[in-house]
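Structural characterization, general
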Amino acid sequence: GNPDILVNVTGGPPQAQAEGTDPAQWTGFFDSMVRSVIFATDLVLPAMKAAGFGRIITSSSSGVVAPIPDLAISNALRLALLGWSKTLSKEVARDGITANVVIPGRIATKRVASLDQARADAQPGRALEDVVSASTSTIPIGRYGTVDEFAALVAFVAGAPASYITGSALRVDGGLLA
């Protein structure tokens, strides 16, 4: 059948500094994190327009609000998707299609676990538990979010009750971002 909901989720690039990162790494991750989302969306838009209904939801990162140290590629490319989504939302709104970005904070995923482990490994003698404790202490709710909590926001934005929400960046971050 014809899709009426598309949730764009890409993996994250490795840690990288803003200065001195190999241009080939930028190109490769631009292709996998940005171009892939744009092309997938372009594939489903004709059917959504024909149906007069569609939801384009792109998962991003808290780095679009507050850049995350050592994640220069992720911060930059996810901002590109934010701008693209906002632009798209204005282009397709009259077709009954919404385009929104969801911004997860620290959600308990394999990616977050690998970043925590990398931070612990970068500081000899520092236990992973210390890294996690330091991270959760910055979150007002005091813990990482769950995948189910993130999914609940996505499900809401995908539904009919969210038909007047478009061009938005919605956070699910436990109050992490100021």
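So, here is what we can say about the structure in this document. Model, not experiment: these values are computed from the prediction. Per chain, residue numbering runs from 1 following the sequence as it is written. Two thresholds apply to this predicted model, a pLDDT of at least 70 for residue-level local features and 80 or more for giving and counting side-chain atom pairs, whereas whole-chain, interface and lining totals are computed over all residues. Think of the side-chain values as coming from all heavy atoms in the structure, minus any hydrogens and water.

A separate point is the sheet that holds strand β2 (residues 54–59). The strands that make up a sheet are held in pairs by hydrogen bonds between backbone atoms, and each pair lies either parallel or antiparallel. In space, the four strands of this open sheet follow the order β1-β2-β3-β4, with parallel pairing throughout. Where the open sheet ends on each side, the last strands, each with one partner, are β1 (5–8) and β4 (169–172). The mean angle between the axes of side-by-side strands here comes to 20°, regardless of whether they run parallel or antiparallel. Two strands form a pair only when DSSP identifies at least two bridges running between them. A run of DSSP states H or I qualifies as a helix once it reaches four residues; a run of E qualifies as a strand once it reaches two. Both are numbered from the N-terminal end. Strand direction decides the pairing type here: β2 and strand β3 (residues 97–104), joined by six bridges, are parallel. Of the residues in β3, the one forming a bridge with Arg-55 is Thr-98. Should any heavy atoms of two residues lie within 4.5 Å, those residues are considered in contact. An axis is simply a line fitted to the C-alpha atoms; with a helix, the fit covers only the stretch in contact. Between two such axes, the angle follows the N-to-C directions and lies from 0 to 180 degrees. Each of β1, β2 and β3 touches helix α1 (residues 23–51); the most contacted strand, β1, lies at about 170° to it.

A few words now on the layout of surface pockets. Rolling a probe over the atoms, with the probe sized like a water molecule, indicates the empty space that remains. Only protein atoms enter the calculation, which uses a 1 Å grid: trapped sets of points that fit a 1.4 Å probe without letting it out are cavities, open sets showing protein on both sides within 12 Å along at least five of seven lines are pockets, and any residue with an atom within 4 Å of a point is a lining residue. Grid points are joined across faces, edges and corners, and a volume is the space filled by probe spheres set on the points. The volume enclosed by the largest pocket comes to roughly 850 Å³. As for the largest pocket, its lining consists of 39 residues, of which Ile-68, Gly-105, Arg-106, Val-112 and Leu-115 are closest to the centre. Tallying contributions element by element places helix α3 (residues 110–121) first for the lining of the largest pocket, with six residues. Three classes are used, and their members are as follows: Ala, Val, Leu, Ile, Met, Phe, Trp, Tyr, Cys and Pro are nonpolar, Asp, Glu, Lys and Arg are charged, and the others, Gly among them, are polar. Residues belonging to the lining of the largest pocket are distributed by class as follows: 18 nonpolar, 14 polar and seven charged.

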